[in-house]
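Overview (structure and organization)
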Amino acid sequence: MVRLQNNSPPLPWLRRTFDLNIIHARAIAHVSSLGYHELYINGKIIDDSVLTPAVCDFEKRSLYRAYDISGFLEKGRNCIALWLGRGGYARGMPGVIHDGPLVAAHVSIDLVDGQRKRIKTDNSWRVRASSITPIG
């Protein structure tokens, strides 16, 4: 999990670059955020969903989304980015025990030579403030 040190505005962008030296056959990204997220690959938003994932009871579960990102990756340098929004994950809401938003992501890339490349959220991701601030 990547967690911000505090919940003060503005909301965060997370970013990680990586190289693909071999053509890939398939790539899937699984993203679980406490709060909302948008996923971008090489500067392109993955889909037009809003308020993802759906609001849930954080005392019982956290939801995740699986994205087929195969058509967004290129041979060479690639960039995966996540924009995070607080959404319903805010102090005072049921099940909220940390300042948010929080996210865990796992990208699995199957290469044509049979190997698999995996990228997960960890401290190697760069974090910066976005231009978006929450209301209230």
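Above this note sits the structure.
We now turn to the structure provided with this report.

Scoring rules and cut-offs
Residues numbered from 1 in each chain as written. Predicted model: local features only at pLDDT ≥ 70, side-chain atom pairs only at ≥ 80, totals over all residues. Heavy atoms only, no water. Helix = DSSP H or I, 4+ residues; strand = E, 2+ residues; numbered from the N terminus. Rg over C-alpha atoms; globule rule 2.2 N^0.38 Å. Buried < 20%, exposed > 50% of the residue type's maximum accessible area, 1.4 Å probe, protein only. Core = buried A, V, L, I, M, F, W, Y, C linked by side-chain atoms within 4.5 Å. Contact = heavy atoms within 4.5 Å. Pairing = 2+ DSSP bridges.

What follows deals with the overall build of the protein. For the protein, the helix and strand inventory stands at 0 helices and 10 strands. Its helices and strands taken in sequence order, the protein reads β-β-β-β-β-β-β-β-β-β from the N to the C terminus. Against the globule reference of 14 Å for 136 residues, the protein gives a C-alpha radius of gyration of 15 Å, in line with a compact fold. Considered along the principal axes of its C-alpha atoms, the protein spans approximately 50 × 30 × 25 Å. Across the 136 residues in the protein, those meeting the buried criterion constitute 40%.

Among the nonpolar cores identified, the biggest contains 22 residues, and Leu39, Ile69, Leu73, Leu82 and Ile109 are the most heavily contacted of them. Those elements that provide at least two residues to this core are strand 2 (12-20), strand 3 (24-34), strand 4 (36-41), strand 7 (76-85) and strand 8 (102-111). For this core, the element with the most residues is strand 8, which contributes 5 residues. In this view, Leu73 contacts Phe18, Leu20, His24, Ala27, Ile41, Asn42, Asn78 and Ile109; residues no more than four positions away in its chain are not counted.

Before going further, it helps to spend a moment on the sheet that holds strand 7. Taken in spatial order, the 5 strands of this open sheet run 5-4-7-2-10, and their pairing is antiparallel. Edge strands, defined here as strands with exactly one partner in the open sheet, are strand 5 (44-45) and strand 10 (126-129). Bridge count for strand 4 against strand 5 is 2 bridges, and the pairing is antiparallel. Across the sheet, Tyr40 pairs through a bridge with Ile45, a residue of strand 5.

Remember that the coordinates give geometry; whether it matters functionally is a separate question.
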